[in-house]
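What follows is the residue order along each chain.
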Amino acid sequence: RIRVGRSIDGYGLSPGITKQQRIDVEKLMSSALSKLTGDLAGSYYPLTGMDEKVRQQLVDDHFLFVSGDRNLTVAGMERDWPEGRGIFHNAAKTFLLWVNEEDQTRIISMQKGGDVKGVFERLARGIKAVGDSVKAES
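Described in the following lines is the structure provided in the data block.

What counts and what doesn't
Residues numbered from 1 in each chain as written. Predicted model: local features only at pLDDT ≥ 70, side-chain atom pairs only at ≥ 80, totals over all residues. Heavy atoms only, no water. Polar contact = N/O pair within 3.5 Å; in protein donor to acceptor, adjacent residues only side chain to side chain. Helix = DSSP H or I, 4+ residues; strand = E, 2+ residues; numbered from the N terminus. Buried < 20%, exposed > 50% of the residue type's maximum accessible area, 1.4 Å probe, protein only. Contact = heavy atoms within 4.5 Å. Phe/Tyr/Trp six-rings, centres within 6.5 Å; stacked < 30°, edge-to-face > 60°. Pairing = 2+ DSSP bridges. Axes fitted to C-alpha atoms, helices over the stretch in contact; angles between N-to-C directions. Core = buried A, V, L, I, M, F, W, Y, C linked by side-chain atoms within 4.5 Å.

What follows deals with helix α2 (residues 52–60). Where α2 begins, the capping side chain belongs to Asp51, and its oxygen is found 3.0 Å from the backbone nitrogen of Lys53. One or two positions beyond α2, positive phi appears at His62, with a value near 65°.

Once that is clear, we can look at the side chain of His89. Relative to the assigned elements, His89 resides in strand β3 (residues 86–90). Residue His89 is classed as buried on the basis of its relative accessible area of 8%. Here His89 is in contact with Gly42, Ser43, Tyr45, Leu58, Phe63, Phe95 and Leu96, once residues within four sequence places are set aside.

In the structure shown here, the tally under the stated rule is 1 aromatic pair. Their ring planes at 75° and their centres at 6.4 Å tell us that Phe88 and Phe95 sit as a pair that is edge-to-face. Its relative accessible area of 0% is what places Phe95 among the buried residues.

A sheet is described by the order of its strands in space; here 5 strands give the open sequence β1-β5-β4-β3-β2, paired in antiparallel fashion. Looking along the sheet, the strands with just one partner apiece sit at the ends: β1 (2–6) and β2 (42–46). Here the average twist between neighbouring strands, direction ignored, is 15°. For β1 and strand β5 (residues 105–109), the ladder comprises 5 bridges, and the chain directions are antiparallel. Residue pairing across strands places Arg3 opposite Ile108, the latter belonging to β5. Along the sheet face, helix α1 (residues 19–33) touches β2, β3, β4 (95–99) and β5 and points at about 160° away from the line of β4.

The subject of this paragraph is the nonpolar core. Of all hydrophobic cores here, the largest spans 19 residues; its most connected members are Met29, Leu33, Leu97 and Val130. Elements with a contribution of two residues or more to this core: α1, β4 and α4 (116–137). At 5 residues, α1 tops the list of elements feeding residues into this core. Among residues more than four places away in sequence, those in contact with Val130 are Met29, Leu33, Leu36, Phe95 and Leu97. Residues Ile87, Trp98, Ile108 and Met110 belong to the second largest nonpolar core, which totals 11 residues.

Here's what the structure looks like:
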């Protein structure tokens, strides 16, 4: 597993982001992620109003972040939970993106085995594809 955090220019960082900025980041990312193609294509799941069956599957897959982290709470990063937050994953569940957890975006590439080069290449392609898609939306 390789993961990186990314921020979007013009939006506040987690401790200082406003509720509206967080909602706007989620809207931007949801739209941008819907345009990914090939092995990066997948589905976005907003935390607000998430179906219980979907939530449980994401928990079982160890993908879903949850509220209650004391450090995040003290830092003010769980304000308005769960609004403006969500998770995306591709069909193979090897490329994930968390929206508004600690970072505005947390991009993750992973797979079983020892193919670190393959994991990194997917991460690099994913970062570029997400960045290009966000720029096209802005």
